[in-house]
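# Secondary and tertiary structure notes
Given next are the chains, with one letter for each unit.
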Amino acid sequence: MSKQILDEMAIKRALTRITYEIIERNKGTEDLVLVGIQTRGVYLAQRIHDRIKQLEDVDVPLGKIDITLYRDDRHDASLKQDPVINDEKIGFDITDKRVVLIDDVIYTGRTIRAAMDALIDQGRPSSIAVAVLVDRGHRELPIRADFVGKNIPTSNTEQVAVQVEEIDHEDRVDIKEL
């Protein structure tokens, strides 16, 4: 069973609000960089980037990060094949920059921890903030999102499924029973 939580317009509004909050909290765009976490975080980061450009007429650096090698579940015997590495480098220097990591859903916090490890291997930012479309709770690590599109309380028997137009051919967020 599946229940739609956000439609295309709700996602657009949430990303616009996150964009305004990022600009406001950073007092503009100086030294600001955006980094999307593969896969859907990359597309959400692109949308926030485009909205910043529209609002501020500034082209902030935009990168993507693959956290495959930084995951703490890589030792799991159920992972039968080697990871596919999409991109190892962000493409610009993040040293002394204010990085906003962008992902679709925050759950246990382990993806964000892995992304922070990957970032630190590429430079030393002055700060790292986290922006997510959906915060579903159930943290296992002391990590929180600084910018949240929607808080959706879930049970551990539910899954939050984010779809983006760029790869799923529609924008929507559903809760599904496992």
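Keep in mind that what you see is a predicted model, and the values were worked out from it rather than measured. (Residues numbered from 1 in each chain as written. Predicted model: local features only at pLDDT ≥ 70, side-chain atom pairs only at ≥ 80, totals over all residues. Heavy atoms only, no water.)

What follows deals with helix α1 (residues 8-25). Taking 1.5 Å of rise per residue, 18 residues should cover 26 Å, and α1 covers 26 Å from first to last C-alpha, within 8% of that figure. Looking only at α1, the buried set comprises A10, I11, A14, L15, T16, I18, T19, I22 and I23. For α1, the capping residue at the N-terminal end is D7, with a side-chain oxygen 3.2 Å from the backbone nitrogen of M9. Downstream of α1 by one or two residues, K27 has phi in the positive range, about 55°. (Helix = DSSP H or I, 4+ residues; strand = E, 2+ residues; numbered from the N terminus. Expected span 1.5 Å × (residues − 1). Buried < 20%, exposed > 50% of the residue type's maximum accessible area, 1.4 Å probe, protein only. Polar contact = N/O pair within 3.5 Å; in protein donor to acceptor, adjacent residues only side chain to side chain.)

The subject of this paragraph is the pattern of salt bridges. Pairing is possible between side chains of opposite charge, provided their charged atoms come close. A complete count under the given rule lists 11 salt bridges for this structure. R40 is paired through a salt bridge with D168; the nearest N and O atoms lie 2.9 Å apart. Of this pair, R40 sits in helix α2 (residues 40-56) while D168 sits in helix α4 (residues 165-168), and the two are 128 residues apart along the sequence. Using a relative accessible area of 24% as the deciding quantity, one classes R40 as partly exposed. Here D171 makes a salt bridge to R47, at a shortest N to O gap of 2.9 Å. Remark: R47 occurs in helix α2 and D171 occurs in the loop between α4 and β8 (172-177); sequence separation between them is 124 residues. Residue classification places D171 among the buried positions, given a relative accessible area of 13%. A single network of salt bridges, built from pairs that share partners, joins R47, E166 and D171. (Salt bridge = Lys/Arg side-chain N within 4 Å of Asp/Glu carboxyl O.)

A cis amide bond links Q38 to the next residue, T39, at an omega of 10°. Despite not being glycine, D31 has its phi angle at roughly 65°, a positive value. The phi dihedral of H138 falls on the positive side, at around 70°, and the residue is not glycine. Mapping H138 onto the fold places it in the loop between β5 (127-135) and β6 (147-151). A residue is classified by how much of its surface remains accessible, and H138, at 32% relative accessible area, is partly exposed.

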